[in-house]
Amino acid sequence: MFLNTDQQWPLNAWYQAAWTHEVEDKPLARTLLNQEVVLFRDGDGKACALEDRCCHRATPLRLGDVVPEGLRCGYHGLVFDGSGRCVIIPGQERIPPQAKVRSYPILEKQEIIWIWMGDPALADEAKLLVDFPWNDDHENWPHYHDMFEIECNYMLLIDNLMDLTHIPYIHRNTIGGGDQKGQVDASMDVTPTDAGVHYIRWMEGIVPPPTYVKGAGFPEGTLVDRWQEFEYVVPSSVLQWTGALEAGRGAKDNREQAGGFNLRLYHGATPKTETSCYYFWTPLNGYKPKDEAATKTLHKEIAFTFTEDLEFLESQQACMAASMGDTFVNIKHDVARLPARRAIERMIRAELAALQAAE
Amino acid sequence: MFLNTDQQWPLNAWYQAAWTHEVEDKPLARTLLNQEVVLFRDGDGKACALEDRCCHRATPLRLGDVVPEGLRCGYHGLVFDGSGRCVIIPGQERIPPQAKVRSYPILEKQEIIWIWMGDPALADEAKLLVDFPWNDDHENWPHYHDMFEIECNYMLLIDNLMDLTHIPYIHRNTIGGGDQKGQVDASMDVTPTDAGVHYIRWMEGIVPPPTYVKGAGFPEGTLVDRWQEFEYVVPSSVLQWTGALEAGRGAKDNREQAGGFNLRLYHGATPKTETSCYYFWTPLNGYKPKDEAATKTLHKEIAFTFTEDLEFLESQQACMAASMGDTFVNIKHDVARLPARRAIERMIRAELAALQAAE
Amino acid sequence: MFLNTDQQWPLNAWYQAAWTHEVEDKPLARTLLNQEVVLFRDGDGKACALEDRCCHRATPLRLGDVVPEGLRCGYHGLVFDGSGRCVIIPGQERIPPQAKVRSYPILEKQEIIWIWMGDPALADEAKLLVDFPWNDDHENWPHYHDMFEIECNYMLLIDNLMDLTHIPYIHRNTIGGGDQKGQVDASMDVTPTDAGVHYIRWMEGIVPPPTYVKGAGFPEGTLVDRWQEFEYVVPSSVLQWTGALEAGRGAKDNREQAGGFNLRLYHGATPKTETSCYYFWTPLNGYKPKDEAATKTLHKEIAFTFTEDLEFLESQQACMAASMGDTFVNIKHDVARLPARRAIERMIRAELAALQAAE
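About the cut-offs
Residues numbered from 1 in each chain as written. Chains lettered and ligands numbered in written order. Predicted model: local features only at pLDDT ≥ 70, side-chain atom pairs only at ≥ 80, totals over all residues. Helix = DSSP H or I, 4+ residues; strand = E, 2+ residues; numbered from the N terminus. Rg over C-alpha atoms; globule rule 2.2 N^0.38 Å. Buried ≥ 20, exposed ≤ 12 C-beta atoms within 10 Å, placed from the backbone. Contact = placed C-beta atoms within 7 Å. Nonpolar A, V, L, I, M, F, W, Y, C, P; charged D, E, K, R; others polar. Least-squares fit on C-alpha atoms with pLDDT ≥ 70 in both. Pairing = 2+ DSSP bridges. Domains from an automatic or database assignment. Core = buried A, V, L, I, M, F, W, Y, C linked by C-beta atoms within 7 Å. pLDDT = per-residue confidence, 0-100. Axes fitted to C-alpha atoms, helices over the stretch in contact; angles between N-to-C directions. Left-handed = near helix turned anticlockwise from the far one by under 90°.

### Examining the overall build of chain A
Part 1 of the reasoning: Of regular secondary structure, chain A possesses six helices and 18 strands.
Part 2 of the reasoning: In summary, chain A has a C-alpha radius of gyration of 22 Å against a globular reference of 21 Å for 359 residues, a match within 12%.
Part 3 of the reasoning: Each principal axis of the C-alpha atoms in chain A carries an extent, and together these give about 80 × 50 × 35 Å.
Part 4 of the reasoning: Counting only residues that meet the buried cut, chain A has 48% of its 359 residues in that class.
Part 5 of the reasoning: Taking as baseline every contact in chain A between residues at least 6 positions apart, the subset at least 24 positions apart corresponds to 58%.

### Some details on the interface of chain A and chain B
Part 1 of the reasoning: At the junction of the two partners, chain A supplies 20 residues and chain B supplies 21 residues.
Part 2 of the reasoning: Counted by class, the side of chain A that touches chain B contains nine nonpolar, eight polar and three charged residues.

### With respect to the relation of the copies chain A and chain B
Part 1 of the reasoning: Screw-axis analysis of chain A against chain B gives a translation of 0.1 Å along the axis, an RMSD of 0.0 Å, and a rotation angle of 120°. What the superposition gives is, in effect, a three-fold axis relating one chain to the other.

### A few points about the sheet that holds strand E9 (residues 103–104) of chain B
Part 1 of the reasoning: Pairing in this open sheet of four strands is antiparallel, and the strands run E2-E3-E4-E9 (chain B) from one edge to the other. The sheet is open, and its two borders are formed by strand E2 (28–32) and E9 of chain B, each paired with just one other strand.

### Examining the environment of Lys181(B)
Part 1 of the reasoning: Positionally, Lys181(B) belongs in helix H3 (residues 180–184).
Part 2 of the reasoning: Between the alpha carbons of Lys181(B) and Tyr278(B) there is a distance of 33 Å; along the sequence they are 97 residues apart.

### Considering the domain arrangement of chain A
All names here are of chain A.
Part 1 of the reasoning: Split by domain assignment, chain A resolves into domain 1 (14–127) and domain 2 (134–351).
Part 2 of the reasoning: The distance between the C-alpha centroids of domain 1 and domain 2 comes to 33 Å.
Part 3 of the reasoning: The interface of domain 1 with domain 2 comprises 10 residues on the first partner and 11 residues on the second.
Part 4 of the reasoning: When contributions to the side of domain 1 that touches domain 2 are tallied by element, the ones reaching two or more residues are strand E1 (14–19) and strand E2 (28–32).
Part 5 of the reasoning: Broken down by element, the residue count for the side of domain 1 that touches domain 2 peaks at three residues, all from E1.
Part 6 of the reasoning: Classifying every residue of the side of domain 1 that touches domain 2 by side-chain character gives four nonpolar, five polar and one charged.

### What to know about the interface of chain B and chain C
Part 1 of the reasoning: On the chain C side, the residues contacting the 20 residues of chain B number 21 residues.
Part 2 of the reasoning: For the side of chain B that touches chain C, the per-class residue count stands at nine nonpolar, eight polar and three charged.

### So, the sheet that holds strand E5 (residues 65–67) of chain A
Residue and element names in this part refer to chain A.
Part 1 of the reasoning: What the four strands build is an open sheet, ordered E5-E6-E7-E8; its pairing is antiparallel. Here the strands that pair on one side only, and so sit at the sheet edges, are E5 and strand E8 (86–88).
Part 2 of the reasoning: Sheet topology note: the strand E7 (residues 79–80)/E8 ladder contains two bridges and is antiparallel. If you follow Phe-80 over to E8, its bridge partner there is Cys-86.

### A short note on the nonpolar core
Part 1 of the reasoning: Core analysis: the biggest nonpolar cluster contains 306 residues, and Ile115(A), Leu157(A), Ile115(B), Leu157(B), Ile115(C) and Leu157(C) have the highest contact counts within it.
Part 2 of the reasoning: Leave out the neighbours within four places in its chain, and Leu157(B) touches Ile150(B), Cys152(B), Ala269(B), Cys277(B), Tyr279(B) and Leu313(B).

### Observations regarding the confidence of the model for chain A
Part 1 of the reasoning: Mean pLDDT for chain A: 94, with 99% of residues reaching 70 or above.
Part 2 of the reasoning: Scored as a whole, the predicted complex attains pTM 0.94, and scored at its interfaces, ipTM 0.93.

### Here we look at the packing of helix H1 (residues 154–162) of chain B against helix H6 (residues 337–358) of chain B
Residues and elements named next belong to chain B.
Part 1 of the reasoning: Contact geometry for H1 and H6: axes closest at 9 Å, N-to-C directions at 145°. When the axes of H1 and H6 are compared, the crossing they make is right-handed. Residue-level contacts link Met-155, Ile-158, Asp-159 and Met-162 of H1 to Arg-337, Ala-340 and Ile-344 of H6.
Part 2 of the reasoning: In terms of residue class, the contact of H1 with H6 is built from five nonpolar, no polar and two charged.

### Quick word on unusual backbone geometry
Part 1 of the reasoning: Here the bond from Val234(A) into Pro235(A) is cis, since omega is -5°, no more than 30 degrees from zero.
Part 2 of the reasoning: Structurally, Pro235(A) is set in the loop between strand E15 (224–233) and strand E16 (237–246).
Part 3 of the reasoning: The residue Leu33(B) is not glycine, and still its phi comes out positive at about 50°.
Part 4 of the reasoning: The residue Leu33(B) is located in the loop between E2 and strand E3 (35–41) in this model.
Part 5 of the reasoning: For Glu111(C), which is not glycine, the phi torsion reads 65° and is therefore positive.
Part 6 of the reasoning: Among the secondary structure elements, Glu111(C) is positioned in the loop between strand E10 (106–109) and strand E11 (112–116).

### Let's talk about the pairing of strand E2 (residues 28–32) of chain C
All names here are of chain C.
Part 1 of the reasoning: Judged from the five bridges that link them, E2 and strand E3 (residues 35–41) form a sheet pairing that is antiparallel. Within E3, the residue paired with Thr-31 across the bridge is Glu-36.
Part 2 of the reasoning: Between E2 and E3, which pair antiparallel and follow one another directly, the connecting turn spans two residues, one of which, Leu-33, has a positive phi of 50°.

Below is the structure:
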């Protein structure tokens with residue numbers, strides 16, 4: 001097990017299935033929590049999710065077409081609406097009631113299509129714990145959305161984000177360059193929350209890393225006060241705000257000053273299987289919002305940085321799978337990672353307990 | 001299970017192992033019904049089939065050479081004749097009686113090499129139920145043979161051929177173009193046979209599909225009477241005759257008129273494993289038999305059409321394997337597919353019953 | 001099973017992990033006897049081997065860097081010395097005693113890095129049974145080292161070397177060309193040894209094979225006396241000396257004459273998994289030691305010859321794995337192969353017996 005629970009994820013929770021712009025006029029297939037799902041927009045433009053299997057002969061519906069009545073199977077032309085009901089069987093008048101496929105509750109908010117993979121009766125917008133309003137504010141926080149498929153358990157990606165002392169090692173040529181010791185020895189303020197854990201790290205008067213220099217145009221020799229603020233929200237989101245201002249500008253008291261360098265990042269890690277996940281991410285340009293080229297460069301730099309992580313995450317996954325019985329040794333820098341693990345495990349255990357109580 | 005029987009195929013039956021022309025002066029390896037087989041021609045030109053494993057050190061015989069005495073292992077030079085007996089051990093006089101490999105009964109007829117994978121004592125030419133004499137008639141039915149390997153259970157391919165309402169969907173740009181509704185609503189006449197099931201569909205006065213127009217040169221605006229005649233013969237053959245004549249020429253009463261468009265097709269689906277098969281096929285040009293270019297074009301068009309099916313069959317296979325416990329919903333158009341399924345399942349059950357009776 | 005023992009190899013033995021020159025300033029990962037190992041040189045230049053898994057979060061150490069204090073994990077910077085002890089945790093003073101990884105005993109001798117994968121308490125230089133001093137003598141036996149990864153059980157490679165009647169078949173265009181019958185009928189003198197088995201084959205007055213003609217420049221029509229001397233040393237080494245002198249020069253009485261053609265070869269077959277191995281090999285030029293181009297050509301020719309074996313070994317492996325229950329038929333030419341098999345099986349059984357006695 002990658003988590004200290006038999007079950008690797010809560011079922012009754014909202015997960016990111018896609019970015020809003022990914023679902024347009026064609027069906028989009030995703031494997032979510034081991035289930036094959038197909039997303040499409042119905043005649044009203046509403047995003048819908050069905051199991052990706054026609055009830056007639058088990059053909060994946062992703063090979064079909066979006067038509068006004070719903071999603072049409074590409075093999076023999078059966079059409080299913082957003083609720084999963086078969087509404088057309090070509091050449092056949094009567095549609096038997098068992099002609100249907102499973103549908104999944106969907107929420108669209110802040111450019112994210114959220115899906116509920118568990119008991120539909122429990123799906124409730126109030127249970128969406130993530131709020132990331134900057135996604136809707138392209139004027140002040142311009143950004144592009146992206147997604148990587150990673151061959152690792154989703155919590156290895158959360159682990160990665162919850163311990164930034166990896167930055168001076170994995171990312172020494174990008175966001176982790178400059179003052180290695182300063183980064184390892186950053187102050188670390190960790191606060192458990194109802195829905196996860198929050199931390200902020202400060203590195204005061206350090207040499208800025210290459211990515212920051214490139215972005216902000218800090219003159220040579222500039223020292224900066226750098227912050228890294230992260231919040232993990234169960235089951236699988238991390239909200240980030242990081243940046244740096246020239247030392248002496250009082251960043252610690254007021255980070256919302258013009259100039260310097262800063263970005264927000266939304267990270268979503270949706271389980272595909274126990275050993276793979278979708279990594280949804282978007283870096284929001286908070287330092288030069290009018291500068292389209294800067295937004296593009298930021299995206300490109302972040303993409304490159306994340307590919308540096310990929311090799312580690314996938315190798316770690318393979319190594320962990322092969323040595324599952326072996327022990328782990330926790331260190332000082334696991335101070336935010338461990339509460340994050342406890343939060344997701346708590347959520348899974350609560351779900352299992354509710355299930356048992358209901359039986 | 002893909003079939004409603006534990007066993008996925010009858011063992012005591014003739015299956016196509018290869019086209020005649022495929023076995024010449026080199027060994028040809030095939031995986032047939034989960035068994036590794038190597039085909040070759042002996043000194044008399046007779047096609048032979050052996051298990052693809054030297055009895056000395058388990059080297060595949062396919063890596064060896066055809067020599068006058070039989071098939072020579074490429075590792076240490078042992079030679080096996082068509083009966084599987086070792087006839088040469090280099091440098092050794094005495095050949096021990098246990099030096100032998102399994103051989104399989106072979107029949108060659110109508111350009112097909114048929115193999116019997118079950119009990120050799122039961123192999124009998126009379127049990128070959130397929131008759132396709134047009135394969136031997138290159139003058140009136142010129143054709144080329146072909147084979148695709150498909151990652152699906154062989155019966156998914158038979159299913160595909162037994163329900164042609166898929167044509168206006170999968171093949172809408174080739175043989176299924178033109179009048180979609182006319183194709184779905186075709187008349188359908190189904191007759192169970194001793195060895196499977198026969199059906200004929202008629203679409204009268206319809207717009208011909210692009211492939212037919214291209215082949216026959218129908219002038220723009222021509223309407224045609226189109227037929228599709230198919231017969232499934234257990235365990236894994238489908239015989240096809242399809243075509244179209246200009247409406248008003250009385251095609252329904254006499255299909256054997258010159259002009260128009262028509263072809264025969266032999267389809268053989270030999271199981272490789274439970275989830276893969278060899279698809280042997282050959283389209284025979286019945287409308288312009290003297291026109292070599294037309295025969296080539298027909299072959300190319302049919303090859304392209306079949307690749308349209310491949311994606312569906314392989315995706316259906318994967319989806320079915322992942323959702324084996326789920327139900328299927330039959331529809332009106334399964335009217336020929338279901339008797340085909342019943343025929344193969346009947347054959348498998350009869351074989352199992354005979355086996356139990358013998359014990 | 002590929003061997004007639006449940007266990008496929010002795011654990012308490014020295015195996016080649018690498019050539020000396022392969023381990024320099026970067027970590028080198030190998031899978032040895034199913035265990036993931038990483039090799040590196042410590043600050044004193046001593047070769048060390050650790051399990052390839054950081055004890056913190058199961059990251060493979062091969063992704064890290066060699067630093068003066070040892071091997072640094074590339075994820076969060078923990079450093080391990082050659083004994084496997086963690087010596088640095090960045091930003092943390094106290095290092096808990098459980099922060100360590102497994103280390104493996106290492107021996108460096110004759111350009112080979114030997115590793116002991118079993119009980120470290122039993123590791124003893126005296127148990128290294130291989131002696132190949134020519135590896136250290138680049139003046140008289142110039143050579144290059146090489147390694148192939150092969151998808152076969154290591155003993156299939158040993159089998160290959162212990163029955164050279166495969167040469168006129170697999171290698172008929174290289175070292176097995178010329179007089180096929182002369183090679184099959186070579187005299188064969190087999191002597192079991194304490195640590196394996198030794199044999200020498202003589203082919204007197206035969207046409208030399210293409211590789212020998214190319215190497216030695218024998219004029220057309222020359223006949224030669226050719227020898228092949230091989231010794232298998234448990235668990236996985238084969239020492240070879242082969243060559244040919246012009247017939248009439250009395251090669252059988254004195255092989256150490258100038259001229260003709262001769263080479264030594266060290267073969268090491270280290271198990272990776274039950275179905276794969278590393279094949280370490282080096283051909284030593286004993287016939288034109290001053291001729292650098294000849295050494296290079298020899299290496300290239302041998303490399304090509306070995307690739308001819310690869311296809312057979314990997315196909316044999318696959319075939320054997322699929323037909324494990326089937327019997328094998330031994331032939332006359334297994335006269336050296338069978339004692340080699342008995343020697344390794346004896347060694348494995350002795351290890352298992354010692355283990356049981358200790359319990």
